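Structural overview for review
Take a look at the letters that make up each chain.
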Amino acid sequence: MPPILNNRYQISRTLGSGGFGETFLAEDTHLPSQRRCVIKQLKPIANNPQIYEIVKDRFQREAAILEELGSGHNQIPSLYAYFELDTQFYLVQELIEGVTLTSKMQEEGILSESSVKEILTNLLPVLDYIHSKGIIHRDIKPDNIMLRYSDHLPVLIDFGAVRETMGTIVNSQGNPTSSIVIGTPGFMPSEQAAGRPVYSSDLYSLGLTAIYLLTGKTPEQLETDSRTGEIIWRKHISQISPSLAMVLEKAIMSHPRDRYSTAMAMLQALQPLAQTITSNPSSSKTTVVSPPPVVASSAQTIPSTSSPSNQNNTKTIILGSFIVGGLISASVVFGMIMTRSPESSSENTATQQALLPSPSVTTQPIESPIENTVNPSPSPSPSITPQPPENKPSPKQAIPDYYSLINNAQYETSWKHLSPQFRNNSQLHPNGYISYVDWWQRVNFVEIQEVRMVEEGAEVARVETRLKYLMKSGREASHYLRFRLVWDAETNNWLIDDAKSL
Ligand SMILES: Nc1ncnc2c1ncn2[C@@H]1O[C@H](COP(=O)(O)OP(=O)(O)OP(=O)(O)O)[C@@H](O)[C@H]1O
């Protein structure tokens, strides 16, 4: 290796070497500052002029993607330059002054739960960003995440796609294809090992990275449950909050269907936990569950008023009831509602009407006095909004709390967050709790995109929400719901008493 590469970069030392070449620390002699940089050398595996041209073409495209990613997110190194030299390819990247998670672990030992949560919370938006560009990293592991000294933020290095390009060969049909699977055994899920990575493959790898940081165990050192095929890891941690354990459990499920389908969904499942640990639970922190900028920019806001037509009202009532309470016998109708436009057919409307809950429960106008609440004490006058006592939780927080339980499959607890009246509604829950659980088991994740207070009284409150349902079937649907909450002094909680679509 010449001391000066491409007549410009003075090599200081080798940082690492892998199957496709070496990584160097260098100085850019063409800049007055002699800026330090990292140079990644890549060697194509095939020694064939025809393939070389294909690799060159692909390398250029991958470099363009890296340039875009690096300039679009501060936790991805910038691409300063790229070039080819003597049939080898080079990427010149921003030097991240920091430490890889592997080195940190080796130096300091296992990380605390709060450090791991912080890393996850700061890394998931980066994954969301690259996924929003249609890119799967494919090699998330402790070696490829650096904690930057200056701001302690995790930075994602070493994207897999460029290396894959170097593995280009021509298959027996004469088409260029990659001969290699990118990823690291143990950290990559089976669908990726089979050459079919999906976005949640990165979440799987991230989950195992977090487990490595918490336990010091690499995936190869963890056993697998021979009955379910899932990884057994919890016994290696003396103490972990059940909520973080559930998030990690879901992230590393062997089947992609059972994992979080998006980085934001995983982040959202994590955030109420961070909030519980770090903030005053009585303060309203709904910004924590607000959508990330990517989602928010394209999303609609909650309609400020609602005057649905009768037909829409019908749909609304059923939908709202299903979404909160769950109705086993009507799940087929729910499926139809989720996939059809608001102008549902008269046939569907008839089916829906047959399933209408009692009008006294769901059709009362928002301004009408609330009856049948759990707490028999008189409702306050609508014109007076009493100040809630200091230690009383915000009704706004009741919604993310409820869905956090749902997302963590804590159905027994979430069921208790419904008012007795809502639970006992036989049209909503013909078999009580069994119907409720049966319904929720079909839902992969509920994303809370917005929560807005409409009315806050001492005993009754109303909030409007924008939710996104990610079904296990792969369907997605957005819903605007208005919740009525009733205060339960006994449990010191706001209980969900009703929900209507807007
Ligand atoms: N942008 C960067 N800033 C600072 N250090 C980096 C950067 N990129 C890589 N490194 C350091 O160089 C080491 C090796 O780099 P890298 O992981 O890219 O390649 P490798 O291990 O040689 O091969 P492979 O690409 O097969 O993983 C990393 O562990 C990291 O310490």
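None of the values given here were measured: they were computed from a predicted structure.

Criteria and thresholds
All residue numbers here refer to positions counted from 1 along the written sequence of the relevant chain. Local features are withheld for residues below a pLDDT of 70 in this predicted model, meaning they are given only at 70 or higher, and side-chain atom pairs are given and counted only at 80 or more; totals for whole chains, interfaces and linings count all residues. Helix and strand assignments come from DSSP, with helices taken as H or I runs of at least 4 residues and strands as E runs of at least 2, each series counted from the N terminus. Burial is judged by counting other C-beta atoms within 10 Å of a residue's own C-beta: 20 or more means buried, 12 or fewer means exposed, and anything between counts as partly exposed, with every C-beta placed from the backbone. By the convention adopted here, residues are in contact when the distance between their C-beta atoms, placed from the backbone, does not exceed 7 Å. Per residue, pLDDT captures the predictor's confidence, and it can take any value from 0 to 100. At least two DSSP bridges between two strands are required for those strands to pair. A fitted line through C-alpha atoms serves as each axis, taken over the contacting stretch for helices, and the angle formed by two N-to-C directions is quoted from 0 to 180°. UniProt positions are given in the numbering used here, feature names are shortened, and annotations may be inferred rather than shown by experiment. Think of a nonpolar core as buried Ala, Val, Leu, Ile, Met, Phe, Trp, Tyr and Cys residues chained together by C-beta atoms that fall within 7 Å. For each residue, a C-beta atom is placed from the backbone, and the residue is labelled near a molecule or strand when this atom is within 6 Å of it. Residues are sorted three ways: Asp, Glu, Lys and Arg are charged, Ala, Val, Leu, Ile, Met, Phe, Trp, Tyr, Cys and Pro are nonpolar, and all the rest, Gly among them, are polar. Geometric relationships in this document are graded by angle, where less than 35 degrees denotes roughly parallel, more than 145 denotes roughly antiparallel, 65 to 115 denotes roughly perpendicular, and other angles denote oblique. Two helices that cross are described as forming a left-handed crossing if the nearer one is turned anticlockwise from the farther one by less than a right angle, and a right-handed crossing if clockwise.

**Examining the overall build of the chain**
Of the regular secondary structure elements, the chain holds 17 helices and 17 strands. Looking at the chain as a whole, 40% of its 502 residues are labelled buried. Long-range pairs, those at least 24 residues apart, make up 63% of the contacts in the chain between residues at least 6 apart in sequence.

**Some remarks on the confidence of the model for the chain**
Summarising the model, the chain shows a mean pLDDT of 75, and 72% of its residues fall at 70 or more. Counted against residues more than four places away or in other chains, residues 273-322, with its pLDDT under 50, gives 91 contacts. Counting interchain partners and residues more than four positions distant, the pLDDT-below-50 stretch residues 326-389 has 93 contacts. Scoring of the predicted complex yields 0.58 for pTM and 0.96 for ipTM.

**Let's talk about the sheet that holds strand β9 (residues 154-156)**
The strand order across the open sheet built from 3 strands is β7-β8-β9, with neighbouring strands paired in antiparallel fashion. Sheet topology places β7 (98-100) and β9 at the edges, where each strand pairs with a single neighbour. Across this sheet, the average inter-strand angle for adjacent strands is 35°, counted without regard to direction. Note that β7 and strand β8 (residues 145-148) share 3 bridges and pair antiparallel.

**Regarding the sheet that holds strand β16 (residues 476-488)**
In spatial order, the strands read β14-β15-β16-β17; together these 4 strands make up an open sheet with antiparallel pairing. With partners counted over all chains shown, the strands left at the sheet margins are β14 (443-456) and β17 (493-501), one partner each. Each strand axis lies, on average, 30° off the axis of its neighbour in the sheet, ignoring direction. The pairing of β16 with β17 spans 8 bridges and is antiparallel. By the bridge assignment for β17, W487 is matched with W494.

**Concerning the UniProt feature "binding site: ATP" (unreviewed entry) in the chain**
What UniProt calls "binding site: ATP" (unreviewed entry) maps, in this numbering, to K40. Given 24 C-beta atoms within 10 Å, K40 falls into the buried group. Other than its neighbours up to four places away in sequence, K40 contacts T23, Y90, L91 and Q93.

**Remarks on the nonpolar core**
Within the largest apolar cluster, 96 residues are counted, with the highest numbers of intra-cluster contacts made by A251, M266 and L485. Element by element, the count of residues in this core is highest for helix α6 (residues 199-215), at 10 residues. If sequence neighbours within four positions are ignored, A251 has contacts with L203, Y204, L206, G207, R259, Y260 and M266.

**Some points on the site of the ligand**
Among the 19 residues in the neighbourhood of the ligand, the closest are listed as L15, G16, G18, T23 and I96. At the level of secondary structure, the elements contributing two or more residues to the shell around the ligand comprise β2 (9-18), β4 (36-42) and β6 (88-94). When the residues that make up the shell around the ligand are grouped by side-chain class, the tally is 7 nonpolar, 7 polar and 5 charged.

**Re unusual backbone geometry**
A positive phi angle, close to 60°, is found at N7, a residue other than glycine. Note that N7 resides in the loop between β1 (4-5) and β2. Residue N7 is classed as exposed on the basis of its 9 C-beta neighbours within 10 Å. With phi around 75°, R138 is a residue other than glycine that occupies positive phi space. Note on R138: 22 C-beta atoms within 10 Å, which makes it buried.

**Let's talk about the packing of helix α3 (residues 113-132) against α6**
Where α3 meets α6, the axes come as close as 11 Å, and the angle between the chain directions of the two elements is 165°. Taken together, the axes of α3 and α6 are roughly antiparallel relative to one another. In the packing of α3 onto α6, the handedness of the crossing is right-handed. Where α3 approaches α6, its residues E113, V116, L120, L123, L127 and H131 are matched on the opposing element by Y199, D202, L206, A210, L213 and L214. Grouping the constituent residues of the contact of α3 with α6 by class yields 9 nonpolar, 1 polar and 2 charged.

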